[in-house]
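A structural walkthrough
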Amino acid sequence: MALAPMGPEASFFDALDRHRASLLAMVKKGAGETPDRATRVPSSSEVLTSIENIIQDIIKSLARNEAPAFTIDNRSSWENMTFEDAFGLQMRPQCTTRKIKSDSLRSVRKFALILKILSMIYKLIQSNTYATKRDIYYTESQLFRNQAAVDSIIDDISCMLKVPRRSLHVISTSKGLIAGNLRYVEEDGTQVQCMCSATATAVPSNIQGMQNLVTDAKFLLIVEKDATFQRLLDDNFCSRMSPCIMVTGKGTPDLNTRLLVKKLWDTFHIPVFTLVDADPYGIEIMCIYKYGSMSMSFEAHNLTVPTIRWLGLLPSDIKRLNIPKDSLIPLTRRDQMKLDSILRRPYITYHPFWKKEMEMLADSKTKAEIQALSFLSSDYLSRVYLPNKLRFGGWI
Amino acid sequence: MERTALAVCEILRYLIIHWKCEAGIPKGALLDGQLAISIEALPSKHLPDSLRCIITIASAGNVDGGLDFKKLLQDIQPALPRLSAKLTLASEEGGHSQDTSVKAPCQMTFEVDENSRSLMTDCLVIKHFLRKIIIVHHKLKFNFSVTVNGILSAEIFGAENEPVLRLSNGISLAVGFQHYVSSKPQFNWTEPHCSRLHPVLGHPAPLSIPGAKANMGLLGELTLTPAAALCPSPKGFSSQLNRISSPYIFLYGPLGLPLVASDQEQPSTAVFRDASYFIDWKKHNLFMLPNLDLNLDTQFILPDVNYKVELPEENQSQNAQGPVLLLFLFVDFQSGVPVHQGEIWGLHTLLTTHLSTILSESRSTVQDSIQSAVDQVLELHHQAAKTHQRLQASLSVAVTSIMSVLTGSTSSSFRKTCLQALEAVDTQEFSAKLHRIFYDITQHQFLNHCSCDTEQHLTPEKKISAQNTKDQHKNIGLEFPAESSGQAENKRLKRSSPNQGREESRTLGPARDLSPPESVTRDCDPTEASLTARGSQTQVANDGVQAADAASPLGGLEDLWLQEVSNLSEWLSPGHRS
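Residues numbered from 1 in each chain as written. Chains lettered and ligands numbered in written order. Predicted model: local features only at pLDDT ≥ 70, side-chain atom pairs only at ≥ 80, totals over all residues. Heavy atoms only, no water.

Here we look at the overall build of chain B
Of regular secondary structure, chain B possesses ten helices and 20 strands. For chain B, contacts bridging at least 24 residues in sequence account for 77% of all contacts bridging at least 6. For chain B, the computed accessible surface area is about 23,700 Å², with 51% contributed by carbon and sulfur atoms. (Helix = DSSP H or I, 4+ residues; strand = E, 2+ residues; numbered from the N terminus. Contact = heavy atoms within 4.5 Å. Areas by Shrake-Rupley, 256 points an atom, 1.4 Å probe, with all protein chains shown as cover.)

Right, dumping it as structure tokens:
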């Protein structure tokens, strides 16, 4: 690509190229490919009909003198999860459900709020307008009481109707950033060039509407934290490692950031790496990008990129690089519980190296942030650690 | 109180004390028997415009005779200073009772001259006294007949086979609302209500007897135990948001006998003239004034003390009245040794004249005990009302949302299906029906979760009470025949009772503060009595010990109810999230 700044010489990317070749071979075999159902986006009229059917069921229930209830798949139980290495976490077809009853003091309020948001979604679709979850909350903030209630109900509705959130005309404000070798056209025709510079581009709110994506990137690096992302931008990491793309979800990624990563993978099939803290929460965030979260497992096929690899910071790196102990942080009880919970997850058996790293973390009883590398040198991360990892295939 | 009425009440009280003490009936057990009170009035030959009244009191049933009549005369005379008539045993001078159906091992008579107005008042006062007795001694039955110039009027007073709540202080309280308030039109009965009271028992407050009166030779402790309840009891999560309309206070002495008769001039109630003396109403945003306007001519039990709620000016236009707060104050004597008849009688006499002084001496403990019972009842009422408001708000949101989709839909088939389902011709009618059906169904479901006829709260007073309860259940099961008797049934009317053929017994222990009390249990339509005790934990009075009932299986309904209470707490908690 003409605009791409000069990066390392071609041989630098040998290991990456080999990795990409293996990924492409895997894609050809069918693994790592998005399943058919993921491409099916219901039309607006279909969603409207689904909502009308729900209302109709409630009316019929009342006409029978029965208290109506919503039946929603239980999104918070590992028992309802199934794992396929190619797709990540998914809900079982016959999963357990929970009832949101209108005749229970515990749930009558939620029952009413689901109906309220369903009616708001109905109007949004009819008028072909979009609203953020925040917009919906502020429409009736007294009624909803808090944003989390709205977020949870929207996910429940999405799960109940089995349609992506965007089909509900509910969008979330993107918090993620993107930088590097990428250009695309937004839904409204705006051309976006994510140049390698000190500033990053916000992840678009309509990923589905991104068109004409172009890149020469050899890899996509997902950076857990905004601070590290900004530091890498300041160190001209994208130029030094050009051509590449960097993305951050600023912690736990929002839907749009995950959709973007998924879209970039589906479009370019370039290696995707994660740079996260060497702690249980960093690993958790990486898992969300790779295999999805339990609460959004009903939409995993649109969100997960199982080919993601763990580039750093590996717990083994802490020992290998002789990071001094005073740069490390003791694992808290909460950290240990989180680590145990990750180790019990179905996908860990597919990743013996991950398991080993996590056991190392547990044994050391200490964790390290990415910034711990600055003990060695302020630009150690961008100049030494990451280039070496990328050059010599230091991912797992 | 009229002298004749006072005499009758005192004699009845004496007889009941005698039976209870001399027949060796255990303290917790109920008296089972029948008493007949007949008044025969004919024009007086001695005084113009007066009636010569022959008053006969006779007993029957399992009442042991053995009454020492001379002792009765000796004991009772000081209590009847204004009665000049001579009390005689019927066996001495022949009976005058008109009620020949009663086989009377004991029958006594006295004669007085009364004008007709006084006689009427006497009759009303006696009736109220009987009503006060039967709500605590529901196995006692009173035949009360009056014959004036040959015209007979008779009533039977009894509460046998009616639902009762057995309190841990040994008192069994009739909990049918019909004893206490009218069903209409005073209250807003369109709201669901429970046909029973759900009293909260306060912890016993020890009373100290003033020095000069203390020398009665009593070995033990005088205590006051309050029990509070709303009547009618809002059922489930009723919308009865109204403030309580008025508190009724009933005073009982040892053995659960009325402490004072319905006479507002009795000095024993003087201490209650200040409505805030024992109860801080302000914390519930209530302002109380004594209500002296009591009408004797009523079918319901008259309170010994009655307050009325002074409403703020802005609320004075409210017509609907809230429930009545019933407050039963049981003064009793706790002793490790049997208390003799004379001591009980003496105690009654003492309390009748010095109750105000005694309660004032222990104001702080009495205040604490009464306040905690009142607070619990009012707090539950308040919480139920708040919960109902939230339920209503949720249903309103649901209905509005459905209407929004329906009216905004461009699908004629969808609209048609919905309208047809509720048999509505247009969206306006649909909206009205939707709201009503939604409310009815959900309210019905909530009420189905409430049951009190199979609920039994065991006294927290540990195993002794548990054993007593078991024994009492057994006794009741054996002793209660399948017959009915209503309260104040008039012989001229067909005998019937809404509680016919129904038995129930529950036990309630004292609860401090806001432990889950008995009062939260609700009943819709009790059917067959369940005499099994249930395991429950209720906070104990003074020692804070929690005792589970070892004698009772857990019922599923209890779990359901506890779940609802838990839901309610969660719902009302500030950090509640859906």
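Focus: unusual backbone geometry
Residue Pro243(A) is reached from Ser242(A) by a cis peptide bond, and omega for that bond is 0°. Tracing the backbone through its elements, the reader meets Pro243(A) in the loop between helix 9 (237-240) and strand 13 (245-248). In this structure, Arg145(A) takes a positive phi of about 70° despite not being glycine. Along the chain, Arg145(A) turns up in the loop between helix 6 (141-144) and helix 7 (147-161). Despite not being glycine, Leu255(B) shows a phi value in the positive range, around 65°. Take Leu255(B): it is sitting in the loop between strand 14 (247-253) and strand 15 (257-258). We classify Leu255(B) as buried; its relative accessible area is 12%. (Buried < 20%, exposed > 50% of the residue type's maximum accessible area, 1.4 Å probe, protein only.)

Digging into the pattern of salt bridges
If you walk through the whole model with that rule in mind, you get 26 salt bridges over all chains. Close ionic contact of Asp379(A) with Arg383(A) constitutes a salt bridge, the shortest N to O distance being 2.8 Å. Asp379(A) gets classed as partly exposed once you look at its relative accessible area, which sits at 22%. Note on Arg383(A): relative accessible area 45%, which makes it partly exposed. Here Glu429(B) ties to Lys433(B) by a salt bridge, and the two come within 3.6 Å at their closest N and O atoms. Of this pair, Glu429(B) and Lys433(B) both sit in helix 8 (residues 427-448), four residues apart, which is roughly one turn of that helix. Taken together, the shared-partner salt bridges connect Arg98(A), Lys110(A) and Asp156(A) into one network. (Salt bridge = Lys/Arg side-chain N within 4 Å of Asp/Glu carboxyl O.)

Details of the interface of chain B and chain A
Between chain B and chain A, the contact holds 40 residues from the first and 33 residues from the second. When chain B packs against chain A, close to 3,100 Å² is buried across both sides, 71% of that on carbon and sulfur atoms. Between the two partners, chain B and chain A, sit zero salt bridges. Counting the contacts that link chain B with chain A gives four residue pairs in polar contact (both at pLDDT 80 or more). Of all elements in the fold, only helix 6 (363-408), helix 7 (412-421), helix 8 and helix 10 (556-572) of chain B reach the threshold of two or more residues within the side of chain B that touches chain A. The biggest single contributor to the side of chain B that touches chain A is helix 6 of chain B, with twelve residues. Broken down by class, the residue content of the side of chain B that touches chain A amounts to 19 nonpolar, 17 polar and four charged. (Buried area = accessible area lost by both parts, 1.4 Å probe. Polar contact = N/O pair within 3.5 Å; in protein donor to acceptor, adjacent residues only side chain to side chain. Nonpolar A, V, L, I, M, F, W, Y, C, P; charged D, E, K, R; others polar.)

Considerations on the environment of Lys319(A)
All names here are of chain A. With respect to the secondary-structure elements, Lys-319 resides in helix 12 (residues 315-320). On the basis of relative accessible area, Lys-319 is assigned to the exposed category, the value being 68%. Taking C-alpha positions, Lys-319 is 9.8 Å from Met-360, a pair spaced 41 residues apart along the chain.

Regarding the pairing of strand 15 (residues 309-312) of chain A
All names here are of chain A. Relative to strand 15, strand 14 (residues 272-275) runs parallel, the two being bridged by three bridges. If you follow Phe-273 over to strand 15, its bridge partner there is Arg-309. Of the crossover connections in this fold, the one passing from strand 14 over helix 11 (residues 280-291) to the parallel strand 15 is right-handed. (Pairing = 2+ DSSP bridges. Right-handed = clockwise from strand over helix to strand, strands pointing away.)

Quick notes on the side chain of Asp122(B)
Tracing the sequence through the fold places Asp122(B) in helix 4 (residues 116-134). Here Asp122(B) falls in the buried class, since its relative accessible area comes to 0%.

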